[in-house]
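# Notes for the structure review
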Amino acid sequence: MTTAPARTAFEDNDHKPVGHGRMLRKEDPRFIRGKGRYIDDLQLPGMLHLAVLRSPFAHAKVVSVDTGLAEEHPKVRLVVTGAMLAEKGLAWMPTLSNDVQAVLATDKVRFQGQEVAFVVAEDRYAARDALELIDVEYEPLDPVVDVRTALSADAPVIRDDLEGKTDNHCFDWETGDAAATDAVFARADVVVSEDIVYPRVHPAPMETCGAVADYDAVDGRLTLWSTTQAPHAHRTLYAIVAGLPEHKIRVVAPDIGGGFGNKVPIYPGYVCAIVGSLLTGKPVKWVEDRSENLTSTGFARDYVMRGEIAATADGRILALRTHVLADHGAFNGTAAPLKYPAGFFGVFTGSYDIEAASCKMTAVYTNKAPGGVAYACSFRVTEAVYLVERMVDCLAYELKADPVALRRKNFIRPDQFPYRTRTGWVYDSGNYAPTMELATRIAGYDELRAEQAAKRERGELMGIGVSFFTEAVGAGPRKDMDILGLGMADGCELRVHPTGKAVVRLSVQTQGQGHETTFAQIVAEEIGIPPQDIEVVHGDTDQTPFGLGTYGSRSTPVSGAAAALVARKVRDKAKLIASGMLEVSVADLEWSKGAFHVKGDPSASVTIQDVAMRAHGAGDLPEGVEGGLEAQICYNPENLTYPHGAYICVVDIDPGTAKVTVRRFVAVDDCGTRINPMIIEGQVHGGLTDGVGMALMEMVSFDEDGNCLSGSLMDYLLPTALEVPDWETGFTVTPSPHHPIGAKGIGESATVGSPPALVNAVVDALRPFGVRHADMPLTPSRVWEAMQGRATPP
Ligand code: MCN
Ligand code: CUM
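From a predicted model like this one, the values you see are computed outputs, not experimental measurements.

## Some words on the sheet that holds strand β21 (residues 461–470)
- The strand order across the open sheet built from 4 strands is β21-β31-β32-β33, with neighbouring strands paired in mixed fashion. Both edges of this open sheet fall to β21 and β33 (728–731), since each of them pairs with a single strand only. Strand-to-strand twist in this sheet, taken as the mean axis angle between neighbours without regard to direction, amounts to 15 degrees.
- Pairing geometry for strand β31 (residues 644–653) and strand β32 (residues 660–670), over 10 bridges, is antiparallel.

Structural data, given as structure tokens:
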């Protein structure tokens, strides 16, 4: 274990010239000069612009769509309706969860903001103007807005497009052992239950979604530049949906201004852009505006959970039980491995060694935008961790136990790893106590408790919140995990050029995580070429091997492993060549970063650059060795990786206004081997900020007619530097035993771990009012309600 002193981020591997270390980001010179290349920067000759007409109603019959006036607009080239798409068999497309979703509405609109028609015009303004010339006659229907009544007998049926559908039931899902869990609950000394809502939130990336489609009718090639986190998977789906041959489709993800899961699904807008280009023969650009992004693209969470925890009187946690009502919106657009309709919610047993657990989930359709798995969620580990970490605090409340001590007492012990949970997940490695210990040390936990006691005497409201999480990231072993039948393995290719410079080609795609830097560092560590001499190519299906893309913090666990292994493969070949150059057997060679040495003769050595030249140069290579120095692999992970962390938050609440101020936040993360500490710190800072947003400010809400009330950043509040404290970070290192370099993912850890710490802190501050739980977002009005002893309004 390595530990960082409090309030510093500098580490042992700070200044390594080669390999893992705190290296500045290679992509930043481009970004800080304003030279990033985003979708909307793309200008092609003759390019046309597309705008989408969206439904004002949450639920309505589409009686007629009259496009006559719009077509007369002098700058309009094309107007397309659902009926026109239906003629081509393109009105519906599959979602990532094997449901179907309307590209353009034909029969009904099912959420406010749903795509109804599109216009392609000579410029963006004309396209927008012409939308107003389209006359749609709607016949409004009662909307289903409240997830709790979606299944009642008189609820209107939203998905009457599905054959035989007579209700709004989406799916049921169960995990764990219900009977065993009930038995443990029956003999427990203490049982605590609580209703917990994880509200609907939105990833709200800085750049909204968009695409430029360019169909070349002569050679039948489609190029689609789009804001996608998964270019290869999208290419395959376009091939399947549009019937275009896959080798004629090129999907390019240029620079992406934040994804956070929002850019995993295929949106109707992308398909409309493709149709627009097919029909006009011109490149067509579609870029949505902020409101379109907030109201119609993949949301996150929206779980209504009943949690129950059973324990002994002295605080030994015995079992967890939960019932979940999941709101999936109008189409099940969840992006998750097919066998996992609730994502990885099954890890809701958290970091604790318990006897039994069970979960029963019912998912329903409502008249809201589709989505569900997004916003740095680790495939719903966010919801799972929030549930268990709130329940452990509810138990601490009832037992009058210290939340740190209660957690420590129940941790899975280091000797129990690999640890199989009661819901069947195998945690690869973990060492929880030292991580918790470091967090309490940085925070000065005992002093904080003393300060709190003194303040309570004076009627001041100070809260200390703790959370501990274990994530499951790196989907995933292809025997269990696929997206619409595509196995979740990743290709990687490495070429070393004659002069010893290298190019590594990845199937994953960065949205700001710094892959151009960190993947160069992984390869550098393995073959000793400086990271500056290694170019990372990604985000272009024509340039990179197939793989499933970036989400679920899988890039490091899966593609990171691929990059290390492909580099080792190249190094193995380099060793054969070096043995020829040094005229010794392979067994007599030693590798030390960047060069092969003859054992016992330090003067006899060749560098990797020497070998690269030889591999391409004149002269003989050893028997059976081909020229060139390159390799390709496809990596199928053996298991997920399970990073963990301990977070401690300190809040002050103004007793007069109920406003919460986050005074301090300590985050100790363990993501195994750390590739770039600076980038990790950036990921953690971002995720913690997300956590403050969700815990205190963010919520997608609807009125009773299904109007989305958070369609702008005036209403959907995002945190800024003003709402967040100076983050205090630390780390421990528990390598993954099955990952070639021991690395685990980090990209979503802080978003997963921080909301419970914050809510636990607020609830802790409200202890004098007898508050055991209050739902996010803890706005002043909600905190005020809690102080008055009233439950959170839905
Ligand atoms: N890293 C490291 N050492 C480790 C683990 C990771 O140095 N042990 C580095 C990686 O090399 C990478 C970064 O940290 O540069 C994140 O790695 P990883 O945890 O593998 O996550 P991904 O690269 O797969 O990123 C996806 C993850 C997800 S799913 C969401 S959602 C999210 C997140 O990343 N979206 C982001 N962080 C984001 N950060 C930015 N700036 N923008 C987004 O859209
Ligand atoms: Cu769940 S958001 Mo990320 O996995 O792209």
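## Things to note about the side chain of Asp-99
- Tracing the sequence through the fold places Asp-99 in the loop between β4 (92–94) and β5 (100–102).
- For Asp-99, a relative accessible area of 8% puts it in the buried group.
- Engagement of the side chain of Asp-99 in a polar contact is seen with the side chain of Tyr-365, the distance being 3.0 Å.

## A short note on the packing of aromatic side chains
- If you walk through the whole model with that rule in mind, you get 25 aromatic pairs.
- Summarising the aromatic geometry, the rings of Phe-31 and Tyr-38 are spaced 6.4 Å apart at their centres and angled 25 degrees between planes, so their arrangement reads as stacked.
- For Tyr-38, a relative accessible area of 27% puts it in the partly exposed group.
- Ring centres of Phe-344 and Trp-425 lie 5.1 Å apart, and the angle between their planes is 55 degrees; this geometry places the pair in the tilted category. Note that Phe-344 is positioned in the loop between β16 (317–327) and β17 (356–364) and Trp-425 in the loop between β19 (419–420) and β20 (426–427), a separation of 81 residues in sequence.
- According to the relative accessible area criterion, Phe-344 is buried, its value standing at 0%.
- Since its relative accessible area comes to 8%, Trp-425 is described here as buried.
- Among the aromatic side chains, those forming a connected cluster through ring pairs are Tyr-340, Phe-344, Phe-379, Trp-425 and Tyr-551.

## Structural notes on unusual backbone geometry
- Geometrically, the link from Ala-475 to Gly-476 is a cis peptide bond, its omega value of -25 degrees lying close to zero.
- The topology assignment puts Gly-476 in the loop between β21 and β22 (482–483).
- Look at Asp-302: it is not a glycine, yet its phi comes out positive at around 70 degrees.
- One can find Asp-302 in strand β15 (residues 299–311).
- Residue class for Asp-302 comes out buried when judged on its relative accessible area of 10%.
- A positive phi angle is found at Ser-378, which is not glycine, with a value near 50 degrees.
- With respect to the helices and strands, the residue Ser-378 is situated in the loop between β18 (371–372) and α9 (381–399).

## Focus on the pairing of strand β28 (residues 595–598)
- Neither face of β28 is left uncovered, since the one carrying Ala-595 and His-597 and the one carrying Phe-596 and Val-598 both have all their residues buried.
- Judged from the 4 bridges that link them, strand β27 (residues 589–592) and β28 form a sheet pairing that is antiparallel. When the bridges of β28 are listed, Ser-592 appears paired with Ala-595.
- Between β27 and the antiparallel strand that follows it, β28, lie 2 residues; Gly-594 among them carries a positive phi value of about 100 degrees.
- For β28 and strand β29 (residues 601–607), the ladder comprises 4 bridges, and the chain directions are antiparallel. For Phe-596, the partnering residue across the bridge sits in β29 and is Val-606.

## Some remarks on helix α4 (residues 124–131)
- Those residues of α4 lying buried are Ala-126, Ala-127, Ala-130 and Leu-131. Seen from one end, α4 has its buried residues packed into an arc of 145 degrees, which puts them on one side.
- The secondary structure elements touched by the buried residues of α4 are β1 (48–54), α2 (68–72), β3 (76–81) and β7 (115–121).

## Some thoughts on the site of ligand 2
- Residues in contact with ligand 2 amount to 13 residues; listed here are only the nearest, Gln-229, Gly-261, Cys-377, Gly-552 and Glu-748.
- A distance of 2.5 Å is found between an oxygen atom of ligand 2 and a backbone nitrogen or oxygen belonging to Gly-552.
- Note that an oxygen atom of ligand 2 is positioned 2.8 Å from one of the side-chain N or O atoms of Glu-748.
- Broken down by class, the residue content of the shell around ligand 2 amounts to 8 nonpolar, 4 polar and 1 charged.

## Observations concerning the coordination of the copper atom of ligand 2
- Of the protein atoms, Cys-377 (SG) alone serves as a donor to the copper atom of ligand 2, at 2.2 Å.
- Mapped onto the secondary structure, Cys-377 falls in the loop between β18 and α9.

## Overview of the domain arrangement of the protein chain
- Partitioning the protein chain into structural domains gives domain 1 (39–141 + 208–256 + 263–296), domain 2 (380–422 + 430–475 + 639–787) and domain 3 (489–635).
- Look at where the C-alpha atoms of domain 1 and domain 3 centre, and you get two points 41 Å apart.
- If you look at the interface, domain 1 gives 17 residues, while domain 3 gives 17 residues.
- Together, the buried faces of domain 1 and domain 3 total about 1300 Å²; carbon and sulfur atoms form 50% of this surface.
- With a closest N to O distance of 3.8 Å, Asp-542 and Arg-250 form a salt bridge.
- Ranked by residues supplied to the side of domain 1 that touches domain 3, first place goes to helix α6 (residues 231–242) with 5 residues.
- Within the side of domain 1 that touches domain 3, the residues separate by chemical class into 10 nonpolar, 4 polar and 3 charged.

## Overview of the sheet that holds strand β26 (residues 534–537)
- If you trace the 4 strands from one edge of the open sheet to the other, you get β26-β25-β24-β30, paired in mixed fashion. Pairing within the sheet leaves two strands with one partner each, and these edge strands are β26 and β30 (630–635). For this sheet the average axis-to-axis angle between neighbouring strands, irrespective of direction, equals 15 degrees.
- With 5 bridges connecting them, strand β24 (residues 490–496) and strand β25 (residues 502–506) associate as antiparallel partners. By the bridge assignment, Leu-494 is partnered in β25 with Val-504.
- In the packing of helix α14 (residues 555–582) onto the sheet, contacts are made with β24 and β30, and the angle to β30 comes to roughly 145 degrees.

## Describing the site of ligand 1
- The immediate surroundings of ligand 1 are formed by 32 residues, with Gly-259, Gln-513, His-515, Thr-556 and Ile-746 found nearest.
- Gln-683 places a side-chain nitrogen or oxygen 2.7 Å from a nitrogen atom of ligand 1.
- Against a free-state accessible area of 840 Å², the protein chains account for coverage of 95% of ligand 1.
- Elements with a contribution of two residues or more to the shell around ligand 1: α13 (515–527), α14 and α16 (677–696).
- The class makeup of the residues in the shell around ligand 1 is 10 nonpolar, 19 polar and 3 charged.

Quick notes on the rules
- Residues numbered from 1 in each chain as written.
- Chains lettered and ligands numbered in written order.
- Predicted model: local features only at pLDDT ≥ 70, side-chain atom pairs only at ≥ 80, totals over all residues.
- Heavy atoms only, no water.
- Pairing = 2+ DSSP bridges.
- Helix = DSSP H or I, 4+ residues; strand = E, 2+ residues; numbered from the N terminus.
- Axes fitted to C-alpha atoms, helices over the stretch in contact; angles between N-to-C directions.
- Buried < 20%, exposed > 50% of the residue type's maximum accessible area, 1.4 Å probe, protein only.
- Polar contact = N/O pair within 3.5 Å; in protein donor to acceptor, adjacent residues only side chain to side chain.
- Phe/Tyr/Trp six-rings, centres within 6.5 Å; stacked < 30°, edge-to-face > 60°.
- Arc of directions from axis to C-beta.
- Contact = heavy atoms within 4.5 Å.
- Near = heavy atom within 4 Å.
- Nonpolar A, V, L, I, M, F, W, Y, C, P; charged D, E, K, R; others polar.
- Donors = N, O, S within 2.8 Å, 3.2 Å for Na, K, Ca; no water.
- Domains from an automatic or database assignment.
- Buried area = accessible area lost by both parts, 1.4 Å probe.
- Salt bridge = Lys/Arg side-chain N within 4 Å of Asp/Glu carboxyl O.
- Areas by Shrake-Rupley, 256 points an atom, 1.4 Å probe, with all protein chains shown as cover.

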